[in-house]
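# Analysis of the macromolecular model
Single-letter residue listing:
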Amino acid sequence: ALKHAGTLLEQGRQIAEPIHHVFLDVETDPRAIAVRSFEVAAGPVRVGASQLRVPLPFEGALAGRVEFHGPMDTLNRLPIPLPRVQGQADAQGRLRLTDLRPDFQGQGRIAGFRIDQFGLGDAEGPVHITAEGLSWDNARLRTASGWAEGTGSIGFGRGTHMRLRGRMHGVEFAEALEQLG
C-alpha cells in the first residue's frame, strides 16, 4: 500500500510525509499519458494537476495546470540551492517541463512571507518560476503599516541576484528596517 510521499535526503537522513489523500483520473494511449485530474495531500502539503499531458516515451517533457497549497518551508527540504523561505503558499498556473527543467507561470499568494531572516509580510500576484529563478510583475506585498507594489526577480544558483522595482505606500521606515533584520 502507498503510505508515504516520495523520499528526499536531508543531511543524510530520509524524509517521508504520510499521505492523507490521493485522487487520480488518468487516460493512456501509446503516445501519451493524459492526467485529467490528480491530487495528493501529504503532511501539510496539497498538490494538484489537471490537463497534464506526458508524451511517451517519457523524455523529460510534460505540460499542464498545477496547484500547490502548503507551507513554503517544504521547499527548504529540496536538494537545490534556494534561500530559506517561510510562509503559507497558494499557487495555481501552467507548468511546462522540458528536458526536466521546470517553467511555471501563474498566480501566487504567500501569507507571512519570509526569505532567510527577512520578514516581508503577505504577498500576492503573478509569478514566473524556472530553474534559474523567480520573477513577478505587478505583485503586491502587504505589511503591518502599508503596502508595496512592483516587479522583480530573484536568481538561484550561480546567477544569484535580486532586482526590485516598485513603490511603497504607508510603510513606516522603522518597520522596514526591523523586517530587514
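Relevant structure appears above.
Residues numbered from 1 in each chain as written. Predicted model: local features only at pLDDT ≥ 70, side-chain atom pairs only at ≥ 80, totals over all residues. Heavy atoms only, no water.

## Considering the overall build of the chain
- A tally of regular secondary structure across the chain gives 1 helix and 11 strands.
- By residue count, 30% of the 181 residues in the chain fall in the buried class.
- Considering only intrachain contacts with a sequence separation of at least 6, the fraction spanning at least 24 residues in the chain is 30%.
- Surface exposure of the chain reaches about 11900 Å², of which carbon and sulfur atoms provide 56%. (Helix = DSSP H or I, 4+ residues; strand = E, 2+ residues; numbered from the N terminus. Buried < 20%, exposed > 50% of the residue type's maximum accessible area, 1.4 Å probe, protein only. Contact = heavy atoms within 4.5 Å. Areas by Shrake-Rupley, 256 points an atom, 1.4 Å probe, with all protein chains shown as cover.)

## Some remarks on a nonpolar patch on the surface
- Nonpolar side chains collect at one region of the surface, where Val 22, Leu 24 and Val 26 lie side by side and expose about 250 Å² of accessible area between them.
- Structurally, Val 26 can be placed in strand β2 (residues 13-29).
- The partly exposed category is assigned to Val 26, whose relative accessible area is 37%. (Patch = residues over 30% accessible without salt bridge, like charges linked within 9 Å, V, L, I, M, F, W, Y side chains within 5 Å. Salt bridge = Lys/Arg side-chain N within 4 Å of Asp/Glu carboxyl O.)

## Considerations on the environment of Arg 46
- Along the chain, the position of Arg 46 falls in strand β4 (residues 45-55).
- Residues within four places of Arg 46 in sequence aside, it is in contact with Glu 39, Val 40, Ala 41, Glu 67, Phe 68 and His 69.
- A polar contact of 3.4 Å, which involves the side chain of Arg 46, links it to the side chain of Glu 67. (Polar contact = N/O pair within 3.5 Å; in protein donor to acceptor, adjacent residues only side chain to side chain.)

## Focus on the side chain of Ser 153
- Along the chain, Ser 153 falls in strand β10 (residues 147-155).
- Excluding residues that lie within four positions of it along the chain, Ser 153 makes contacts with Leu 134, Ser 135, Trp 136, His 161, Met 162 and Arg 163.

## Describing the nonpolar core
- Met 72 and Phe 113 are the most contacted members of the largest nonpolar core, which totals 23 residues.
- For this core, the elements supplying multiple residues, two or more each, are β4, β5 (62-71), β6 (85-98), β7 (101-115), β8 (118-130), β9 (133-142) and β10.
- Setting aside anything within four residues of it in sequence, one finds Met 72 in contact with Val 85, Gln 86, Gly 87, Ala 89, Ile 110 and Phe 113. (Core = buried A, V, L, I, M, F, W, Y, C linked by side-chain atoms within 4.5 Å.)

## Overview of the packing of aromatic side chains
- Under the defined criterion, the tally for this structure stands at 0 aromatic pairs.
- The positively charged end of Arg 140 is found above the aromatic ring belonging to Trp 147, 4.1 Å away from the centroid. (Phe/Tyr/Trp six-rings, centres within 6.5 Å; stacked < 30°, edge-to-face > 60°. Lys NZ or Arg CZ within 6 Å of the ring centre and 35° of its normal.)

## Overview of the side chain of His 69
- Within the secondary structure, His 69 is located in strand β5.
- Of the polar contacts made by the side chain of His 69, one reaches the side chain of Asp 90; its length is 2.5 Å.

## Here we look at the pattern of salt bridges
- One pass over the structure, following the stated rule, counts 9 salt bridges.
- The closest approach of N and O atoms between Arg 31 and Asp 29, which form a salt bridge, is 3.7 Å.
- Taking the relative accessible area as the measure of exposure, Arg 31 reaches 60% and is therefore exposed.
- It is possible to trace a salt-bridge network through shared partners that takes in Asp 25, Glu 27 and Arg 36.

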